[in-house]
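Breakdown of the fold
Residue-level listing of the chains:
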There are 2 protein chains.
Amino acid sequence: MIRIYHARILTMEEDQDIFDGEIWISGTKIQYAGPEKKEEAAKITWDREINAKGNLIMPGFKNAHTHSAMTFLRSHADDMPLLSWLNDQVFPYEAKLTPEDIYHLSKLAIMEYLTSGITANADMYLTPDTMIEASRDCGYRTTVIGAVNNFTQSVELLDEWYKKYHKKENLINFELGFHAEYTTKKEILEGIADLAEKYKAPVYTHNSESESEVAQCIERTKVTPTVYMDRLGIFNYGGGFYHCVHMTQNDLDIVKEHNISVITNPASNLKLASGIAPIDHMLKEGINLAIGTDGPASNNCLDMFREMFLVTALAKYRENDASAVDALEVLKMATIGGAKAMNLTDCDVLAEGKEADIIMIDLNQPNMQPIHNIQKNLVYSGSKQNVKLTMVAGKILYENGEFFIGTDAYKIYEKANDIAERIVK
Amino acid sequence: MIRIYHARILTMEEDQDIFDGEIWISGTKIQYAGPEKKEEAAKITWDREINAKGNLIMPGFKNAHTHSAMTFLRSHADDMPLLSWLNDQVFPYEAKLTPEDIYHLSKLAIMEYLTSGITANADMYLTPDTMIEASRDCGYRTTVIGAVNNFTQSVELLDEWYKKYHKKENLINFELGFHAEYTTKKEILEGIADLAEKYKAPVYTHNSESESEVAQCIERTKVTPTVYMDRLGIFNYGGGFYHCVHMTQNDLDIVKEHNISVITNPASNLKLASGIAPIDHMLKEGINLAIGTDGPASNNCLDMFREMFLVTALAKYRENDASAVDALEVLKMATIGGAKAMNLTDCDVLAEGKEADIIMIDLNQPNMQPIHNIQKNLVYSGSKQNVKLTMVAGKILYENGEFFIGTDAYKIYEKANDIAERIVK
């Protein structure tokens, strides 16, 4: 059992302000999160007692959309037009990746998530088996999302992975998903709709990321991607849409009708010149919002602090209103909104019985001072440098700059460089 | 004398790629920056030899526009419309600040600059004497910029400070400046033009930050702020414009004619809903570009990594072109462009005889791996967490998370909180 005391605690429960107290972790779960309990604590034999020294304990961030193993392309092909990037860089190089490569490259991404206080990811990429192996070996929480399209994976494989991995173990999950409407033909989409019906399961996909993608769908089908996919009955049990930069009101009504979550990826949308999603409007519509970093080839870093700042700052710019999308709303998206979008309702807030997916934020840093409002500090001036500790399911995986994920950091860097060299050079 | 060896070195000299080598620092200056010189080094008695372990040594970033002491308002008044923010929050609270408050609050900002690898700032705020005292006491490099307007400071004070502080000591400088056209009446602007002529000196000011500011100037004077100020002869010896979000081609022609630098502040411009500056266009026009964080009440963090990412990502969004404003151009703005804008030509690159304003970047972190392209990694995925060491004028002021600025970090936090409490509560 672990005790973290002398902490400021932000549970992220509704209407619960930050308070001074302590938190007890037993196994993978939170046993207590509340005011100081010095006397009771003295009677317990702890594996470890951590003095938080007034620093903040809060739920870990949820990275609700990423392609982890694309670390191998980080900073290899930037500052290029989108189509050359995809056709000359991403696709040919991805074709050379082995499942084992994806194992190592996913681990590199997991390390970076830990440095940014991200305790879970929803990962859409090529080889669920080795992606899951990487997360399992690190002790990391991952929901792998199917990535079916005309070129990789299949409805049969989705079915197989769903049976094998869906909610079978605490850290790992699998959910139905496909790459996007524009890369997936109707027969496959209908197969996914059947699977969704069979398992009464949510489905996840990229949607309305770029203007041209929407225009092309309308040309082909006379309707937007959202309407087209909805008519196929894919989202009768909810799910999630990644990006949603270019949505009509009718599209948003469909999102609301099916309780679909929208996962925004602001850095990627800027860097690939896709646009700015209408977050302020979606928030007012009551849609569940979450945040994703997208993959490291299109962002290029895996940092929830940068994404959080972008969500609010870009909304302010877009709406021409410095009061748009309050920092607290952004903090909800990065934590409880992400948990809801990823079906991780056991990992959303700090409360008894919840999974112990916890981070400690160093407030004794110049960027977090003075302490007027810690929540706003997190969103507006927080940084990876403030992450002192990241715990997933009761295990400390990162503390004071060191990783505890079963493999030496340098070995993971070496592997990633070897793979990059082999594939890209 | 200090020797840093086994380093990757990015000098930021024209056409000089990163190479393996070492750097020698003697007094405040660089004595050598080049390939390994093991034998010669062995003959010298060093005060300290640092093994960089393959990490990157490069020139420190230059924060070319800020209001440091506004740290006291960080996260106090965000998510508000611009006018309420200024009139109900900023102005009344600023009126209560004492010169001594500004001394302590400036120190807090300096600490944050150090964590972000920023080795010099151009600081426009109320009390040059105590701002300078703070920088001097920390060993930090600061150019204080005059902030005259209808309410504070005066042409006489500018003249006095210019004589007292302009290039009188290595770390400290003072340059002529005023708040903005819309806050400064014609008589004062004419007085500043006279001073510029008297000292053949550059002048700095906020310019064309918001659309309404430009529209109001046109209503009043029939011309844009740039044309209006130019006609008064203020910029005959160059200087710098902060923001420049809303500029006409004619305005930019004036900028070019007088060799005025443009200092962009992308985070602040988003957060206050001012807009996105036309960086791609200004770059193509050959204008010297630099980057500023703006003050911590409007950003709210003082982080060159976030600003660098925003410069390129927002340009890509604005131009609808994922190839706009290459990462290397952004890195130039943050270093040599800033040095030029701030008249710090001795602090721009790593070369013999230049001031030793140097940072060490930790490449052995997941966000900097794999190593395809270090410059792009810095701009796209770099973070404060990668700053291992910050040296100003040959002295290490920050290393591995610790500050060496003559005062204990906690005392500075305490002071800042006391001041914030007194003024804001």
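Residues numbered from 1 in each chain as written. Chains lettered and ligands numbered in written order. Predicted model: local features only at pLDDT ≥ 70, side-chain atom pairs only at ≥ 80, totals over all residues. Heavy atoms only, no water.

Quick notes on the overall build of chain A
Note the cut-off: Helix and strand definitions here come from DSSP, where helices need a minimum of 4 consecutive H or I residues and strands a minimum of 2 consecutive E residues; each element is numbered from the N-terminal end. Radius of gyration: C-alpha atoms only; globule rule: 2.2 Å multiplied by the number of residues to the exponent 0.38. Surface accessibility in these figures is a Shrake-Rupley result with a 1.4 Å probe; residues are shielded only by whichever protein chains are displayed. In this count, Lys and Arg are taken as positive residues and Asp and Glu as negative ones, while His and the chain termini are left out. Positions of charges follow a simple convention, taking NZ of Lys, CZ of Arg, CG of Asp or CD of Glu.
Within chain A one finds 15 helices and 17 strands. Over its C-alpha trace chain A gives a radius of gyration of 21 Å, about what one expects of a compact globule, namely 22 Å for 425 residues. Dimensions of chain A along its principal axes, counting C-alpha atoms only, are 70 × 50 × 45 Å. Carbon and sulfur atoms make up 47% of the accessible area of chain A, which totals about 14600 Å². Put simply, chain A has 42 plus and 61 minus side-chain charges, and the middle of one group is 2 Å from the middle of the other.

Quick word on the pattern of salt bridges
Put simply, the rule is: The working definition used for a salt bridge is a side-chain nitrogen of Lys or Arg within 4 Å of a carboxyl oxygen of Asp or Glu.
Counted by the stated rule, this structure contains 49 salt bridges over all chains. Linking Glu 285 of chain B and Lys 256 of chain B is a salt bridge whose minimum nitrogen-to-oxygen distance equals 2.3 Å. Taken together, the positions of Glu 285 of chain B in the loop between helix H11 (279–284) and strand E13 (289–291) and Lys 256 of chain B in helix H9 (residues 249–257) put the pair 29 residues apart, joining distant regions of the chain. Each of the salt bridges in this network shares a partner with another, and the network as a whole consists of Lys 29, Arg 141, Glu 355 and Asp 357 of chain A.

Digging into the domain arrangement of chain A
Residue and element names in this part refer to chain A. So the rule is basically this: Domain start and stop points were drawn from an automatic or database domain assignment. Contact criterion: two residues are considered in contact whenever any of their non-hydrogen atoms come within 4.5 Å of each other. Computed with a 1.4 Å rolling probe, the buried area is the accessible surface lost when two parts are put together, summed over both parts. Pairing of N or O atoms within 3.5 Å defines a polar contact, subject to two protein rules: one partner must be a possible hydrogen donor and the other a possible acceptor, and residues neighboring in sequence count only if both atoms are side-chain atoms.
Under the domain assignment used here, chain A contains domain 1 (2–59 + 347–403) and domain 2 (61–345). Of the residues lining the interface, 31 residues belong to domain 1; the matching set on domain 2 comes to 34 residues. Contact between domain 1 and domain 2 buries roughly 2700 Å² in total, counting both sides, with carbon and sulfur atoms accounting for 68%. Together, Val 379, Tyr 380 and Lys 384 form the three largest contributors to the area buried by domain 1 at its contact with domain 2, with a combined 25%. Our count for the domain 1 to domain 2 interface comes out at four salt bridges. As a salt-bridge pair, Asp 326 and Lys 376 come within 3.4 Å of each other at their nearest N and O atoms. The tally of links between domain 1 and domain 2 comes to 12 residue pairs in polar contact (both at pLDDT 80 or more). Among the secondary structure elements, those contributing two or more residues to the side of domain 1 that touches domain 2 are strand E5 (56–59), strand E14 (358–361), helix H14 (374–381), strand E15 (387–392) and strand E16 (395–399).

Quick notes on the relation of the copies chain B and chain A
Formally: The copies are overlaid by a least-squares fit using only the C-alpha atoms of residues whose pLDDT is at least 70 in both copies.
If you rotate chain B by 180 degrees and push it 0.0 Å along the axis, it lands on chain A with an RMSD of 0.0 Å. Both chain copies can therefore be described as sitting about a two-fold axis. Closest approach to the rotation axis among the C-alpha atoms of chain B is made by Gln 385 of chain B, whose C-alpha sits 2.3 Å away. Most of the interface of chain B is mirrored in chain A, where 100% of its interface residues are also at the interface.

Some points on the packing of aromatic side chains
Here is the rule: Classification of ring pairs uses Phe, Tyr and Trp, with its six-membered ring standing for Trp, and accepts pairs whose centres are within 6.5 Å; under 30 degrees between planes counts as stacked, over 60 as edge-to-face, and the remaining range as tilted. Counting as a charge over the ring demands two things of the Lys NZ or Arg CZ atom: a distance within 6 Å of the ring centre and an angle within 35 degrees of the ring normal.
Taken as a whole and judged by the stated rule, the model has 23 aromatic pairs over all chains. Seen from their ring centres, Phe 235 of chain B and Phe 241 of chain B are 4.8 Å apart, and the 80 degrees between their planes marks the pair as edge-to-face. The ring of Phe 309 of chain B carries Arg 306 of chain A above its face, with NZ or CZ at 3.4 Å from the centroid. The lysine or arginine in question, Lys 271 of chain B, covers the ring of Tyr 380 of chain A, its NZ or CZ lying 4.5 Å from the ring centre.

A few points about the sheet that holds strand E12 (residues 260–264) of chain B
Residues and elements named next belong to chain B. The condition is simple: Should DSSP find at least two bridges between two strands, the strands are taken to pair. Axis geometry follows a simple rule: fit a line to the C-alpha atoms, using only the stretch in contact for helices, then measure angles between N-to-C directions, giving values from 0 to 180 degrees.
Read from one edge of the open sheet, eight strands run E6-E7-E8-E9-E10-E11-E12-E13, paired in parallel fashion. Both outer strands of the open sheet, strand E6 (61–66) and E13, are each paired with one neighbouring strand and no more. Between one strand axis and the next, the sheet turns through 25 degrees on average, direction left out of account. As defined by bridge partners, strand E10 (residues 203–207) adjoins strand E11 (residues 239–243) across five bridges and the pair is classed as parallel. Considered in E11, the bridge of His 206 is made with Tyr 242.

Here we look at the interface of chain B and chain A
The accessible area lost on association of the parts is a frequent measure of interface size. Taken together, the contact between chain B and chain A spans 66 residues of the former and 66 residues of the latter. The junction of chain B with chain A conceals about 5200 Å² of combined surface from both sides, 60% of it contributed by carbon and sulfur atoms. On inspection of chain B and its partner chain A, the count reaches four salt bridges. For Lys 376 of chain B, the salt bridge goes to Asp 79 of chain A, with nearest N and O atoms at 2.5 Å.

Describing the pairing of E14 of chain A
Residues and elements named next belong to chain A. Defined as follows: For every residue, the accessible area obtained with a 1.4 Å probe (protein chains only) is divided by the maximum for its type, and the residue is called buried under 20%, exposed over 50%, and partly exposed between those limits.
Because side chains alternate across E14, one face comprises the buried residues Ile 358 and Met 360, and the other comprises Ile 359 and Ile 361, equally buried. Here E5 runs beside E14; their pairing, made up of four bridges, is antiparallel. Following the sheet pairing, Met 58 is matched in E14 by Ile 359. Across four bridges, the pairing between E14 and E15 is antiparallel. Paired with Ile 359 across the strands is Thr 390, a residue of E15.

Some words on helix H14 (residues 374–381) of chain B
All names here are of chain B. Most of H14 is tucked away, with eight of its eight residues classed as buried. Buried within H14 we find Ile 374, Gln 375, Lys 376, Asn 377, Leu 378, Val 379, Tyr 380 and Ser 381. A distance of 3.2 Å separates the backbone nitrogen of Gln 375 from a side-chain oxygen at the start of H14, and that oxygen is part of Asn 373.

Quick word on the state of the cysteines
Condition: To count as a disulfide, a pair of cysteine sulfur atoms needs to be within 2.5 Å.
One pass over the full model with this rule turns up zero disulfides over all chains. Unpaired in terms of disulfides, Cys 347 of chain A finds its nearest cysteine sulfur in Cys 138 of chain A, a separation of 17 Å. Residue Cys 347 of chain A is classed as buried on the basis of its relative accessible area of 3%. Unpaired in terms of disulfides, Cys 217 of chain B finds its nearest cysteine sulfur in Cys 244 of chain B, a separation of 13 Å. By relative accessible area, Cys 217 of chain B is classed as buried at 0%.

Details of the packing of helix H12 (residues 304–319) of chain A against H14 of chain A
When two helices pack together, their arrangement is given by the angle between the helix axes and the distance between those axes. All names here are of chain A. Short version of the rule: Small angles under 35 degrees read as roughly parallel and large ones over 145 as roughly antiparallel, with 65 to 115 read as roughly perpendicular and the rest as oblique. Any residue that is not Ala, Val, Leu, Ile, Met, Phe, Trp, Tyr, Cys, Pro, Asp, Glu, Lys or Arg is counted as polar, Gly included; the first ten are nonpolar and the last four charged.
Contact pair H12 / H14: the axes reach a minimum separation of 7 Å and the direction vectors enclose 90 degrees. Viewed along their axes, H12 and H14 adopt a mutual orientation that is roughly perpendicular. Here Phe 305, Met 308, Phe 309, Thr 312 and Lys 316 of H12 come into contact with H14, specifically with Leu 378, Val 379 and Tyr 380. Looking at the contact of H12 with H14 residue by residue, the class counts come to six nonpolar, one polar and one charged.

Considerations on H12 of chain A
All names here are of chain A. Defined as follows: Each residue after the first adds 1.5 Å to the expected span of a helix.
Over its 16 residues, H12 extends 22 Å from the first C-alpha to the last, a length consistent with the 22 Å expected when each residue adds 1.5 Å. Within H12, 13 of the 16 residues are buried, which leaves it mostly tucked inside the rest of the structure. N-capping of H12 is provided by Asp 303, with a side-chain oxygen placed 2.9 Å from the backbone N of Phe 305. Taken from the residues just after H12, Asn 320 is the one with a positive phi, measuring 55 degrees.

What about the side chain of His 243 of chain A?
Residue and element names in this part refer to chain A. Secondary-structure assignment places His 243 in strand E11 (residues 239–243). By relative accessible area, which is 0% here, His 243 ends up buried. There is a polar contact of 3.3 Å between the side chain of His 243 and the side chain of Asn 265. For His 243, the contacting residues outside a window of four places in its chain are His 65, His 206, Asn 207, Glu 209, Ile 263, Asn 265, Ser 268, Asn 269, Ala 277 and Asp 294.

Examining the sheet that holds E11 of chain A
Residue and element names in this part refer to chain A. Here we have eight strands laid out as an open sheet, ordered E6-E7-E8-E9-E10-E11-E12-E13, and parallel in their pairing. On the outer flanks of this sheet lie strand E6 (61–66) and strand E13 (289–291), each paired with one strand and no other. Sheet twist, expressed as the mean angle between neighbouring strand axes with direction ignored, is 25 degrees. Strand direction decides the pairing type here: E6 and strand E7 (residues 118–124), joined by four bridges, are parallel. Bridging from a neighbouring strand, Thr 66 pairs with Asp 123 of E7. Sitting on the sheet, helix H13 (residues 327–341) touches E6, strand E10 (203–207), strand E12 (260–264) and E13, and the angle it makes with E13 is about 100 degrees.

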